Amino acid sequence: MSPEQTPVTSLGPIAPTPHAAVALRPAAGRVTGGFWAQRRTTNADISIADGPRRLEEAGNLANFRAAADTDPGHAAFAGDFQFQDSDVYKWLEAAGWQLADSPTPDLAAAVEQIIAQVGAAQRPDGYLQTYYQLGGGTPWTELGWGHELYCAGHLMQAAVAHHRATGGTELLDVAVRFADHIAATFGPGAAVDGVCGHPQVETALVELYRTTGGKHHLDLARYFLDRRGHGTLSAGADRGHDRDPGPEFWQDHLPILQADEVVGHAVRQLYLLAGAADLAIETGDTALTAKLEALWQDMAGAKTSLTGGVGARYDWEAFGDPYELPADRSYNETCAAIASVHFSWRMALLTGRARYSDLIERTLYNGFLSGVGLDGLHWLYVNPLHRRARAHERPGDQTATRTEWFRCACCPPNAMRLLAGLPHYFATHNSEGFQLHQYATGVYGSGHFTVRVATRYPWEGRITATVEQAPPSVTGFSLRIPAWCDRFQVKVNGAAVDVSARDGWVTVSRAFAPDDTLVLDLGMPVRFTRPDPRVDALRGMRALERGPLVYCLEDADQIPGLDLEEIVVDPAVAATVTARPNLLGGVNTVTLRGRRRRTSHDDWWPYRADGKADTAGDEVQLTAVPYGVWGNRDSGAMRVWLPERAPGTD
Ligand code: FUB
Ligand code: ZN
């Protein structure tokens with residue numbers, strides 16, 4: 001059976017239980033063509049396929065064999081980080097979603113082999129972390145940096161993916177044994193009463209509960225959430241870590257219900273909030289939901305880059321102050337963008353609000369995808385919005401240049417797992433109908449409602465959705481109108497319908513029949529975007545956007561000799577869009593006229609009295625490409641935010 005014909009029924013990464021308090025439930029999806037098919041094919045055929053080689057080369061798999069004592073030649077832990085097992089688990093999770101989508105014998109065999117190595121390494125009491133098993137220290141004594149629960153969480157998520165994809169329990173059994181060991185070890189009056197320095201196990205335990213039905217997994221997730229914020233973590237307790245990042249870094253500064261803003265390490269913060277959202281979904285905790293909505297608003301409203309990137313600070317990979325969103329030194333780790341998608345999707349399910357999927361869209365196309373090389377082999381760990389031709393990286397910085405793998409390789413397999421499970425973030429259903437959140441060519445469905453979507457999105461704004469199967473119970477079909485779009489039209493079976501967007505959704509209400517066709521046309525003019533004036537680092541700048549895509553200028557597309565530090569733009573000038581099928585995997589470029597500021601040797605001082613005009617420069621053509629594909633050609637300069645031409649200059 002071809003992927004086109006197989007029914008869309010599989011469960012994805014987040015599968016709320018039947019009694020969950022959700023406004024929307026994820027629908028199944030299969031992407032069959034277009035933008036995301038291209039990127040997901042590279043993910044499957046190149047990135048995931050190459051994963052075992054990478055994990056072998058970096059020593060991650062040898063660690064499991066050594067812990068199982070079947071490989072005495074590699075008895076010492078390989079690598080620099082306690083959490084390296086998680087790279088293997090993230091890869092296994094990616095492979096699981098890939099197997100669910102389009103299984104191949106080679107991938108199935110690789111998964112089976114690696115699961116066997118993981119299982120063999122597990123201690124008889126259920127404990128599993130190769131770093132500590134290979135002499136790294138005493139388990140559960142270094143909760144700050146030890147990452148034991150973090151790794152356990154990734155193991156659980158991998159096991160859930162494998163089980164949902166294949167029905168097999170080989171990895172699930174390992175994960176449940178570890179979860180049981182954790183339950184026996186942690187809790188008031190137990191051997192350990194505390195939390196992990198890196199949240200992650202919370203969301204994983206909820207998903208394990210959804211898979212096994214074991215209420216104790218949900219209770220354990222609740223314990224870890226409630227115990228956090230009571231100052232149980234301190235770096236001093238961990239050997240070899242004399243720099244204490246402070247309680248905010250590892251989300252131990254406040255109980256979540258007392259928190260007013262997103263702070264500390266961005267991935268830690270957002271994994272925690274994703275886990276809390278999962279708990280709210282399964283328990284109907286309305287106070288927690290309200291708090292999560294407020295924290296999401298703080299993140300989106302004051303701490304997110306235009307690209308959806310989060311975690312602006314290089315120091316401790318942390319959220320900055322409100323509006324601390326520089327273009328050049330914005331860290332925006334790829335994992336943080338992924339964590340933002342995880343959090344937002346759970347909020348979309350909880351509340352039904354389109355704003356969460358708006359941010360997911362922005363993040364996916366821009367701040368996430370920039371982390372993934374077009375070749376599927378080169379990655380960005382940090383995703384700034386400006387790279388100068390003269391490198392501004394400090395020794396020890398994560399580089400803003402594409403790299404094959406990292407010493408701390410958290411991002412590549414994390415990106416693989418998101419891409420592999422991505423179609424499950426695209427559509428939902430509830431008692432009122434069916435909702436499309438993201439637009440990608442493919443087949444989406446729930447129950448007996450199935451719809452086939454055809455689109456050239458994000459290059460064009462037309463989305464055609466043809467109903468294939470429609471039970472009488474589905475009387476509403478909703479389409480998300482992105483926040484960036486202020487002109488759209490909906491046609492049903494060729495006739496324009498008068499619908500307006502409410503809270504980001506347009507809903508066509510009728511009894512649907514097979515072959516009913518909805519066409520949504522989203523206006524996609526090029527937009528000049530200005531920052532909130534409170535973003536001091538960006539004042540006086542403009543960015544180019546079209547549809548869901550943020551654009552940037554890269555050296556490679558400009559006239560020879562143009563210095564991107566010298567150009568200014570005028571938002572009043574027209575910009576043109578050109579389809580370039582042979583550039584960067586096929587993109588639309590945006591061309592506009594800008595001006596090169598003329599500098600002279602007399603400009604020894606970069607400040608001028610108000611009223612003194614800049615020196616006039618010549619007009620130049622500028623070509624912008626989508627930010628999501630920047631850095632795929634060379635290591636030249638790049639910038640998203642462009643200085644606006646000052647009034648009074650010619
Ligand atoms: O600590 C594990 C991972 O390493 C984090 O999620 C990333 O931010 C990186 O610091
Ligand atoms: Zn990462």
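In the block above lies the structure referred to throughout.
Keep in mind that what you see is a predicted model, and the values were worked out from it rather than measured.

Moving on to the sheet that holds strand 8 (residues 462-469). Across the sheet, which stays open at both edges, the 7 strands sit in the order 2-6-7-8-13-10-11 with antiparallel pairing between neighbours. Looking along the sheet, the strands with just one partner apiece sit at the ends: strand 2 (28-31) and strand 11 (495-497). Going from strand to strand, the sheet's axes swing by 25° on average, the running direction of each strand aside. Across 5 bridges, strand 8 lies against strand 13 (residues 517-522) in antiparallel orientation. The residue of strand 13 that forms the bridge with T466 is T517.

A few words on the coordination of the zinc ion (ligand 2). The coordination sphere of the zinc ion (ligand 2), as far as protein atoms go, consists of E333 (OE), C335 (SG), C410 (SG) and C411 (SG), spread over 2.0 to 2.3 Å. Classification of the site at the zinc ion (ligand 2) rests on its 4 donor atoms, whose angles at the metal span 96 to 117°, yielding the label tetrahedral. One chain supplies every donor for the zinc ion (ligand 2), spaced along it as E-x1-C-x74-C-C. Across this residue pair, the class does not change: E333 and C335 are buried.

The next subject is the packing of helix 1 (residues 34-57) against helix 14 (residues 411-421). Relative orientation of the contacting elements helix 1 and helix 14 amounts to 130°, with a least axis distance of 9 Å. In terms of orientation, helix 1 lies oblique with respect to helix 14. Of the two elements, helix 1 crosses helix 14, and the hand of that crossing is left-handed. For the pair formed by helix 1 and helix 14, the contact residues are W36, R40, N43, S47 and I48 on the first element and M416, L419 and A420 on the second. Considering only residue class, the contact of helix 1 with helix 14 consists of 5 nonpolar, 2 polar and 1 charged.

Let us now look at the nonpolar core. Grouped together as the largest cluster of nonpolar side chains are 209 residues, with contacts concentrated most on W36, W91 and V118. Counting the residues that make up this core, at least three belong to each of domain 1 (427-522) and domain 2 (526-643).

Time to look at the site of ligand 1. Near ligand 1 you find F83, H147, Y150, H198, H265, V267, R268, E317, E333, Y381, C408 and C410, and these make up its full shell. Contacts to ligand 1 include H265, whose side-chain N or O atom sits 3.0 Å from an oxygen atom. Side-chain polar atom of E317 to an oxygen atom of ligand 1: 2.6 Å apart, as the coordinates give it. Bound to the protein, ligand 1 loses 93% of the 280 Å² it would expose on its own.

On to empty space enclosed by the protein. What the rule picks out here adds up to 7 cavities of 30 Å³ or more. The computed volume of the largest cavity comes to approximately 130 Å³. Lining the largest cavity are 13 residues, with P13, E93, Q157, R346 and R417 positioned closest to its centre. Secondary-structure elements contributing two or more residues to the lining of the largest cavity are helix 3 (85-101), helix 6 (148-166), helix 8 (201-212), helix 12 (334-351) and helix 14. Looking at the lining of the largest cavity residue by residue, the class counts come to 6 nonpolar, 3 polar and 4 charged.

Quick look at helix 1 now. Between the first and last C-alpha of helix 1 there are 34 Å, a value that for 24 residues agrees with the 34 Å anticipated at 1.5 Å per step. For helix 1, the principal kink sits at G51 and spans about 40°; a proline, P52, occurs within the next four residues. A positive backbone phi angle near 90° is found at G59, which sits one or two residues after helix 1.

Trans is the common state for peptide bonds, and a negative phi is the common state for residues other than glycine. Geometrically, the link from Y457 to P458 is a cis peptide bond, its omega value of 5° lying close to zero. The residue P458 is located in the loop between strand 7 (449-455) and strand 8 in this model. Look at W316: it is not a glycine, yet its phi comes out positive at around 60°. For W316, the position within the fold is in the loop between helix 11 (286-302) and helix 12. Under the relative-accessibility criterion, W316 is labelled partly exposed at 28%. With a phi angle near 50°, D503 is a residue other than glycine that sits in the positive phi range. Tracing the backbone through its elements, the reader meets D503 in the loop between strand 11 and strand 12 (505-509).

On to the packing of aromatic side chains. If you walk through the whole model with that rule in mind, you get 36 aromatic pairs. With a centroid separation of 4.5 Å and an interplanar angle of 75°, the aromatic rings of W296 and Y356 are classed as edge-to-face. Of this pair, W296 sits in helix 11 while Y356 sits in helix 13 (residues 354-368), and the two are 60 residues apart along the sequence. Residue classification places W296 among the buried positions, given a relative accessible area of 4%. Between F449 and F512 the ring centres are 6.2 Å apart and the planes differ by 75°, which places this aromatic pair in the edge-to-face class. Of the two residues, F449 sits in strand 7 while F512 sits in the loop between strand 12 and strand 13, which places them 63 residues apart along the sequence.

How each quantity is defined
- By convention here, each chain's residues receive numbers from 1 onward along its written sequence.
- Following the order in which they are written, the chains are lettered starting with A and the ligands numbered starting with 1.
- The predicted origin of the model limits local features to residues at a pLDDT of at least 70 and limits the giving and counting of side-chain atom pairs to 80 or more, whereas totals for whole chains, interfaces and linings rest on all residues.
- The side-chain quantities take in all heavy atoms of the structure and omit both hydrogens and water.
- Here, strands pair whenever DSSP counts at least two bridges between them.
- The numbering of helices and of strands both runs from the N terminus, where a helix is a DSSP run of H or I of at least 4 residues and a strand a run of E of at least 2.
- Think of each axis as a best-fit line through the C-alpha atoms, taken over the contacting stretch in the case of a helix, with angles from 0 to 180 degrees between the N-to-C directions.
- With water excluded from the atoms, a metal site may look incomplete; its donors are any N, O or S atoms within 2.8 Å, or within 3.2 Å for Na, K and Ca.
- Tetrahedral means four donors with every angle between 85 and 135 degrees, whereas square planar (four donors) and octahedral (six donors) require angles over 155 degrees between opposite donors and between 65 and 115 for all others; sites fitting neither are termed irregular.
- Buried means the residue's accessible area, taken with a 1.4 Å probe over protein chains only, is under 20% of the maximum for its type, while exposed means over 50%, and partly exposed covers the values in between.
- Angle categories are assigned with fixed cut-offs, so that under 35 degrees is roughly parallel, over 145 is roughly antiparallel, 65 to 115 is roughly perpendicular, and the rest are oblique.
- Whether a crossing is left-handed or right-handed is set by the direction in which the near helix is turned from the far one by less than a right angle, anticlockwise for left-handed and clockwise for right-handed.
- We call two residues in contact whenever any of their non-hydrogen atoms come within 4.5 Å of each other.
- Note on residue classes: Ala, Val, Leu, Ile, Met, Phe, Trp, Tyr, Cys and Pro are nonpolar, Asp, Glu, Lys and Arg are charged, and everything else, Gly too, is polar.
- Remark: nonpolar core denotes a set of buried residues (Ala, Val, Leu, Ile, Met, Phe, Trp, Tyr, Cys) joined through side-chain atoms within 4.5 Å.
- Marked domain ranges trace back to an automatic or database domain assignment.
- Here a residue is near a molecule or strand as soon as one of its heavy atoms is found within 4 Å of it.
- Polar contacts, as used here, are pairs of N or O atoms within 3.5 Å; protein pairs need one atom able to donate a hydrogen and one able to accept it. Residues neighboring in sequence count only if both atoms are side-chain atoms.
- Throughout, the Shrake-Rupley method with a 1.4 Å probe supplies accessible areas, and for residues the shown protein chains are the sole cover considered.
- Using a 1 Å grid laid over the protein atoms alone, points where a 1.4 Å probe fits but cannot get out form a cavity; open sets with protein on both sides within 12 Å along at least 5 of 7 lines form a pocket; any residue with an atom within 4 Å of a point counts as lining.
- Grid points are joined across faces, edges and corners, and a volume is the space filled by probe spheres set on the points.
- Expected span of a helix: the number of residues minus one, times 1.5 Å.
- We define the bend at each residue as the angle formed by axes fitted to the 7 residues ending at it and the 7 residues starting at it.
- Pairing of aromatic rings covers Phe, Tyr and the six-membered ring of Trp, with a centre-to-centre limit of 6.5 Å; geometry is then stacked below 30 degrees between planes, edge-to-face above 60, and tilted otherwise.

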